[in-house]
Amino acid sequence: METFLFDNSRIWNNICVFISNLSVTVMLNRLEMLRIFCTAAESRSFKEAANRLGISPQAVTRAVKELERLQGELLFHRNTRHIQVTLVGEKFAVIAKERLRAVDELFQTSAPDSGNELQGRVRIAAPVGFGHKCLMPALMELSTVHPQLDIDLTLSDERVDVVDEKIDIGIRIGFMRDSRFIARQLAKINLYVVASPDLINRVGTPASIEDLNHLPVTGLVDRNTGKLWPWVFSMDRQWTPSITRFRSADAEAELMGVQNGLGFAQIPDFLAQDLLRQEKLVRVLEEVEPVPWDLYIYRPQRGPVPQRVRLVFDHLVSRLSVR
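Residues numbered from 1 in each chain as written. Predicted model: local features only at pLDDT ≥ 70, side-chain atom pairs only at ≥ 80, totals over all residues. Heavy atoms only, no water.

### Considering helix H10 (residues 307-320)
Between its terminal C-alpha atoms H10 stretches 20 Å, which fits the 20 Å expected from 14 residues at 1.5 Å a residue. Within the span of H10, buried status applies to Val309, Val312, Phe313, His315, Leu316, Val317 and Leu320. At its buried positions, H10 is contacted by strand S3 (120-126), helix H6 (128-145), strand S4 (149-155), strand S5 (169-173), strand S6 (181-189) and strand S14 (293-300). (Helix = DSSP H or I, 4+ residues; strand = E, 2+ residues; numbered from the N terminus. Expected span 1.5 Å × (residues − 1). Buried < 20%, exposed > 50% of the residue type's maximum accessible area, 1.4 Å probe, protein only. Contact = heavy atoms within 4.5 Å.)

See below:
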């Protein structure tokens, strides 16, 4: 009878020694070695263990021999017909099974209907005006259905470093050239030159881009440079106001000034279209409007996507693609 008693802490320390400080390949091999050993400890022979694992008996024998070499202890008594785990092997098997179960639990995902992955924080970045007008209604709709979601929304017209800021999902208008991102085009954004009916009644309608030099205009300030954003037109033409009656770094503040007759402005369609339908704004210079800009949704390419992030991403794709 086996009489050598093996201390539990020593067993676990030995397991830690051969798992730690190894390459990924060696670590995976040794984890598999433990799985083979645990199955063999529950079997009457290495052949039976091999059948249960779908591998060859020789592979089981090699794994057990290597584990015995690493432990410096005999783990099985063998004869020509069957095997019997030693007392040391029994104690080793109890701890090995427990630790393997813990490793497996690290990689278990929640069942699709459990809802566990549909809670937690999702960080989103978007332009200010688009965030207020289009993104917030979609997020509020989603939050009603999934109250466990924690939406962390950053609204800024400055370009956000999504990696450093740990952003899960971003919205961008314009070009997407960063290969780190997985991007999807949602829609086209038109830019309109608009003014209030009262202002047009007072100063008239511009017939060309050059006429804007003699009319009251507003300007949107680039927060990064402190300068005015240029207006863009067809054929890659640009025009920047030299004199403005009102300027702001906030697009919605500029829009309010335009509604109140302070000047002409170039406004994205998602801010202007309701006011155009209500005839509170008038669209001018339509013949020189620029090619529409692309609206993108993107996420950093950082491996597997948590279910909660995928849920928000797919919801925004669905809601923002039909505007």
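### Overview of the sheet that holds S4
Reading across from one edge, S4-S3-S5-S14-S6 is the order of the 5 strands in this open sheet, with mixed pairing throughout. Two strands in the sheet have a free side with no partner beyond their single neighbour: S4 and S6. Each adjacent strand pair in this sheet contributes to an overall mean axis angle of 20 degrees, direction not counted. Where S3 lies against S5, 2 bridges are found, and the strand directions are parallel. Looking at S5, one finds that Ile124 is bridged to Ile169. Most of the contacts of H6 go to S4, to which it runs at about 175 degrees, and overall it touches S3, S4, S5 and S14. (Pairing = 2+ DSSP bridges. Axes fitted to C-alpha atoms, helices over the stretch in contact; angles between N-to-C directions.)

### Some thoughts on the packing of H6 against helix H9 (residues 269-277)
Look at H6 against H9: their axes get within 9 Å of each other, and the N-to-C directions meet at 50 degrees. By the angle between their directions, the pair H6 and H9 is classed as oblique. On H9, the residues that touch Gly129, Phe130, Lys133 and Cys134 of H6 are Phe270, Leu271 and Asp274. In terms of residue class, the contact of H6 with H9 is made up of 4 nonpolar, 1 polar and 2 charged. (Parallel < 35°, antiparallel > 145°, perpendicular 65-115°, else oblique. Nonpolar A, V, L, I, M, F, W, Y, C, P; charged D, E, K, R; others polar.)

### Overview of the pattern of salt bridges
Across all of its chains, the model carries 15 salt bridges by this definition. One salt bridge connects Arg52 with Glu42, and the closest N-O pair in it is separated by 3.4 Å. You can see Arg52 sitting in helix H3 (residues 46-53) and its partner Glu42 sitting in the loop between helix H2 (24-41) and H3, a full 10 residues away along the chain. Given a relative accessible area of 47%, Arg52 falls into the partly exposed group. Put simply, Arg283 and Glu289 hold a salt bridge, and the shortest N to O gap is 2.8 Å. The exposure class of Arg283 is partly exposed, given its relative accessible area of 30%. Each member of the salt-bridge network shares a partner with another, and the members are Glu42, Arg52 and Lys97. (Salt bridge = Lys/Arg side-chain N within 4 Å of Asp/Glu carboxyl O.)

### Structural notes on the side chain of Gln266
Relative to the elements of secondary structure, Gln266 occurs in strand S12 (residues 265-268). Side-chain polar atoms of Gln266 contact the backbone oxygen of Val232, separated by 2.8 Å. Aside from chain neighbours lying at most four places away, what touches Gln266 is Leu191, Tyr192, Val193, Pro230, Trp231, Val232, Phe233 and Pro290. (Polar contact = N/O pair within 3.5 Å; in protein donor to acceptor, adjacent residues only side chain to side chain.)

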